[in-house]
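Geometric and topological summary
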Amino acid sequence: MGKWREELLEGITSLEGKGNSGKMVVWGDKAEPILAGNYTDQVFMAAAEHGNGRMVVFSQNPYGEAFLQNPDWFSQLRQNIIRWLSKGADVQNVNIVRVRGGTKFDELKVGETIAVVKGSSKGENRDFFQNIEDFVASGGAVVIAETPWGYLQLVGGSIETMPHFKLLTNVGMCFTTKYFSNTGEVMVEDNPANYAHLGRQMKKAQESQESLQQMVNRIVKMISIMPKSLLVSEDVFKEFFETCEEYIKHISTPTSQTPAKEQSAKDFLILYDILLRLNGRKAPGIEDFPGDFESPPPLTKATISLTSTLRDFYPTGYYLPAGQEMKVTVKGTDVQGWKIRIGCHSDNLKNVTKGWKRWPSIMVGRPLSPGETTISSPYGGLIYFESPPAKKSLEVELESIVEAPYFDIKDPEAPSHWKNRKLSPGLWTDLVGEFVIITLPSSSIRNFDHPTDPLTFWDQLMKSYHHLRGTDITLHRRQWLVPDRQPKMGLLHSGYPVVSHMNITDPTKNVFVLNTEFLRTNGSWGIFHEFGHNMQKQEWTFKGSTEVTCNVFALYGGDAVCNIPVWQNYSITRQFTGVQKYLLAGADFETWKKKPGVGLVIYGQLARCFTWDSYKKVFRQYKTDTEHKPKTDQDKIDMWYTRFSETVNYNLAPLFQFWGIPISDAAKQSMNYLQPFICEDEVTSSARERFEDICSKYPNIFVMEFEIPGYEDCPEDFNGPGCIPEDS
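All residue numbers refer to positions counted from 1 along the written sequence of the respective chain. Given that this is a predicted model, residues contribute local features only at a pLDDT of at least 70 and side-chain atom pairs are listed and counted only at 80 or more, while totals for whole chains, interfaces and linings are drawn from all residues. Excluded from the side-chain calculation are hydrogens and water; included are all heavy atoms of the structure.

Runs of E in the DSSP output that reach at least two residues are strands. Runs of H or I that reach at least four are helices, and both are numbered from the N terminus. On a plain count of helices and strands, the chain comes out with 25 helices and 25 strands. Over its C-alpha atoms, taken along the principal directions, the chain stretches across nearly 90 × 65 × 50 Å. Remark: exposure states derive from per-residue accessible area (1.4 Å probe, protein chains only) relative to the maximum for the residue type, with buried under 20%, exposed over 50%, and partly exposed in between. In the chain, buried positions account for 55% of the 728 residues. Whether two residues are in contact is decided by their heavy atoms, any of which lying within 4.5 Å being enough. Considering only intrachain contacts with a sequence separation of at least 6, the fraction spanning at least 24 residues in the chain is 73%. For accessible areas, the Shrake-Rupley method is used with a probe of radius 1.4 Å. Any residue's cover is judged against the shown protein chains and nothing else. Element-wise, carbon and sulfur atoms account for 46% of the exposed surface of the chain, whose accessible area totals about 31300 Å². Of note, the chain has its 77 positive side-chain charges centred 3 Å away from the centre of its 88 negative side-chain charges. Positive charges come from Lys and Arg alone, negative charges from Asp and Glu alone, with His and the N- and C-terminal ends not counted. In this description, the location of a charge corresponds to atom NZ of lysine, CZ of arginine, CG of aspartate or CD of glutamate.

As structure tokens, then:
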């Protein structure tokens, strides 16, 4: 069938990309990938024979439109497709007909008609595509152009519920939910489609372990984006897994001591993960992380009742052991949008180039189905439900589960039950505040007396953040903190959940996330910082300030919850040496944008000079003024400058100029009616010549003077009062 590619691409050196194309997978004996993007999992054009007829499939609508309209850039390919579909018939006599839901297929003449399906809707249902299949099987010719990810956004459902599903799988190909940026020119020569026939790749890999090692990456790329139902139903995949299981089950599982470093080892782990999920078995080596039971724990069942008004995650207080099948019974049928999830660790290490210290993906999730279903996880984990972004209720019964330690601050009986509940056998625990969820290994809390105080602390932090920003905390989902053996990026990262390293889980350390005595005095800058990222708004975060404006919240949290005044916070005082170097070197804004520690200090100055009330007023103005949205980085800087100046009733141009932060002439002129302002403190005094030069340019400038005391060196404990590494 390599000849098909030659015929379809004859005389063509490249094809114009048309935006985000869906990814297809091809495996059938009578199907062929024709064109792909940069990788083998980016097939967007395929061809197949079915019965006596032929079909060409595109995974993006514009190619169907091009086939109907015949623009110059598509003309040669269109001619080739017509010739190939017609099997050499007189192409001048072929009629191109767009077919829709009401088309009468018995009126289409086989051998004289090419039926085009361009973008489908609910009108093109399964009966319609059965007619398409019958038409092809009887010798007809069909072009299908569909953007699968777009279809699912508009119509809903899954790949399996798309009306195209049966037709495509019957010829050995499928759409997927994935897409890629298909822009520019797609080159025909050496196109990855040459190696994108999954069926042939698997057969070749089955010849020997060496072949499998060489091809596993290519195979994994394609298999991992396919609907899992096909992997368990199609014989070609079952045979492949049976053959390669003997090879992959002997691979070393990743740990902190023996991380998976080689790409081939990582590829095998991904392949093994797919196999484990398909057959419901427990993954080897999970006693290292996320943990496993030494002996089978007692199983129980529970009824969970939830009501949600926004998209959120709901802990249940129950744990599913690895390899254990759980029965889920939905009471009622309105579960549209609800999802079930096993495991708190959502970070996927697939794209992490460093050695993997755990299995790459240890969370299992899927949409919730009406009635009775079953679900299992090779890794086990806490059980969660995710709600849709609407007011929805849910009642489900779970069977074959394990009780886990659990505390909900809003449950009046939780404190009296904690003494016994903390000893529940589940390996991980959720501590649920009013505005925060903290997930920990159960070993961290077995001897912990009471979670109320630390949860209250973190709730207070979240309330302070929203109070600063001027947003209603009740309209936002709770923040969630999860420790992981290996976060996918950095020591910690923001998102949902915020992910940290495991050091916060050690009850003997100051950095223990429940150590309220230490937290109330010192804070926890890293976690404060990541929660701050989740509060950022693009309107007041310009390029180079992403790692800065999040720390405005960390500073405020330190002040409001830990009583660390902004100018005594070590995240500010630590930067003074670096700030002086920056200023004496000329205060180049491009340098400022690369040094977030230095960048934070002006934000600290604004809070010190004008109190946090000024921030609250400015943030609320952004919130209420929805008409004026900055479009460029310069617009963002100008708006921040003008709004802060108006709020504090001073022209802040001298201060911005001192720091080298550029303001447009128009913005500066608009604030000329206000008295110019600058402060005299440790920072401005460290570059005295620059300070005096700027003051001389504003004859009526107001200089707010501060005493300039010394400051202590950073304590040895990295987590001292607000302490962070320089420029972090």
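Here we come to the packing of helix α13 (residues 452–469) against helix α16 (residues 546–562). Fitting a line to C-alpha atoms yields each axis, with helices limited to the stretch in contact; the angle taken between N-to-C directions then spans 0 to 180 degrees. Contact geometry for α13 and α16: axes closest at 9 Å, N-to-C directions at 125°. With respect to their mutual orientation, α13 and α16 come out oblique. The two elements α13 and α16 meet at a crossing, and its hand is right-handed. Residue-level inspection shows Phe457, Gln460, Leu461, Ser464, Tyr465, His467, Leu468 and Arg469 of α13 in contact with α16, the latter providing Val552, Phe553, Ala554, Tyr556, Gly557, Ala560, Val561 and Cys562. Here is the rule for angles: anything less than 35 degrees is roughly parallel, anything more than 145 is roughly antiparallel, 65 through 115 is roughly perpendicular, and the remaining ranges are oblique. It is the rotation of the near helix from the far one that decides the hand of a crossing: anticlockwise by less than a right angle makes it left-handed, clockwise makes it right-handed.

Looking now at the side chain of asparagine 191. Secondary-structure assignment places asparagine 191 in the loop between β10 (185–187) and α7 (198–205). Given a relative accessible area of 1%, asparagine 191 falls into the buried group. For the purposes of these results, a polar contact is taken to be a pair of N or O atoms within 3.5 Å, where, inside protein, one atom must be able to donate a hydrogen and its partner to accept one; residues adjacent in sequence count only when each atom of the pair is a side-chain atom. There is a polar contact of 2.9 Å between the side chain of asparagine 191 and the backbone nitrogen of alanine 36. The contacts of asparagine 191, once residues within four sequence positions are left out, are Arg5, Ile34, Leu35, Ala36, Gly37 and Val186.

Should DSSP find at least two bridges between two strands, the strands are taken to pair. If you trace the five strands from one edge of the open sheet to the other, you get β19-β20-β21-β22-β23, paired in mixed fashion. One side of each edge strand has no neighbouring strand; the edge strands of this open sheet are β19 (406–408) and β23 (498–500). Neighbour-to-neighbour, the strand axes of this sheet turn through a mean angle of 15°, independent of strand direction. Sheet contacts for helix α12 (residues 414–421): β19 and β20 (428–432); angle to β19, the most-contacted strand, approximately 170°. Docked against the sheet, helix α15 (residues 525–533) engages β21 (436–441), β22 (479–483) and β23, running at close to 135° with respect to β22.

Attention now moves to the environment of lysine 357. When you line up the elements, lysine 357 lands in the loop between β14 (339–342) and β15 (364–367). It is 35 Å that separates the C-alpha atoms of lysine 357 and lysine 463, two residues lying 106 residues apart in sequence. Not counting residues within four places of it along the chain, the set of residues in contact with lysine 357 comprises Pro254, Thr255, Ser256, Pro259, Asp288, Arg485 and Gln486.

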